[in-house]
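# Observations on the three-dimensional arrangement
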Amino acid sequence: MALPHKLKDFNLFGDGNNWQGQIPSLTLPELARAVEEYRGGGMDGSVELDMGQEVIEFAWQAAGIIAEIFTEYGTPLHDANLLRFAGSYESDETGGTIPVEVTVRGRHKTIGMGEVTAGDNNSIEVTTTCSYYKLVVDGETLIEIDVPGNVFIVRGVDRRAERRRNLGL
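- As recorded by an unreviewed UniProt entry, the protein chain carries the name Phage major tail tube protein and is attributed to Halomonas urumqiensis.

Structure below.
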């Protein structure tokens, strides 16, 4: 039998603050490459050329008010906000768990306070655009992207190292 490891619990830390129990949901960043279609003479079809990293966004929701969310709003710094998702994925087959962490640095692009109703479960919707992203699964860094640093590491291989050397960086 083969059952998947499923997310059983998670926490979000923001700028060093532990927001345990205050984040009901979040959408982990989607990784996407910007591509450009190209077809040259002598080619029977088109290929997509990798033109770099698309904007990385992390959308999350706070139940109620968390004052720290507003501390760096409107900052001129591209990496003013640090967010760390810590998840525990568990197998119902073996009972084993796998820790997963997603760490991002960026700035809050939108903070939606939404509709508020007395006695209701009011929430804040936040979208953070990220200039740094790191995915660690079971202690292994799978992806690390530092956009301004021109770093793109996949399972220990820095795919931008040669380009940085070519540019004298």
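## A look at the layout of surface pockets
- Computed from the structure, the largest pocket encloses a volume of approximately 360 Å³.
- Along the wall of the largest pocket there are 20 residues; nearest its centre are Arg 33, Gly 52, Gln 53, Val 147 and Arg 160.
- Elements represented by at least two residues in the lining of the largest pocket include exactly β5 (47-53), β9 (123-137), β10 (140-146) and β11 (151-154).
- Among the elements that take part in the lining of the largest pocket, β5 stands out by supplying four residues, more than any other.
- Considering only residue class, the lining of the largest pocket consists of eight nonpolar, five polar and seven charged.

## Focus: the pairing of β11
- Neither face of β11 is left uncovered, since the one carrying Val 151 and Ile 153 and the one carrying Phe 152 and Val 154 both have all their residues buried.
- Sheet analysis places β10 next to β11, joined by four bridges and oriented antiparallel. Opposite Ile 143, over in β11, you have Val 154 as the bridge partner.
- Count of turn residues in the β10/β11 antiparallel hairpin: four residues, of which Asn 150 carries a positive phi of about 60°.

## With respect to the pattern of salt bridges
- Summed over the entire model, instances satisfying the criterion amount to seven salt bridges.
- Residues Glu 101 and Arg 84 are paired through a salt bridge, measuring 3.1 Å at the closest nitrogen-oxygen approach. Taken as a pair, Glu 101 in strand β8 (residues 97-112) and Arg 84 in strand β7 (residues 81-91) lie far apart in primary sequence, 17 residues in all.
- Note on Glu 101: relative accessible area 32%, which makes it partly exposed.

The rules behind these values
- Residues numbered from 1 in each chain as written.
- Predicted model: local features only at pLDDT ≥ 70, side-chain atom pairs only at ≥ 80, totals over all residues.
- Heavy atoms only, no water.
- 1 Å grid on protein atoms, 1.4 Å probe; cavity = no way out; pocket = protein on both sides within 12 Å on 5 of 7 lines; lining within 4 Å.
- Points joined across faces, edges and corners; volume = space filled by probe spheres on them.
- Helix = DSSP H or I, 4+ residues; strand = E, 2+ residues; numbered from the N terminus.
- Nonpolar A, V, L, I, M, F, W, Y, C, P; charged D, E, K, R; others polar.
- Buried < 20%, exposed > 50% of the residue type's maximum accessible area, 1.4 Å probe, protein only.
- Pairing = 2+ DSSP bridges.
- Salt bridge = Lys/Arg side-chain N within 4 Å of Asp/Glu carboxyl O.

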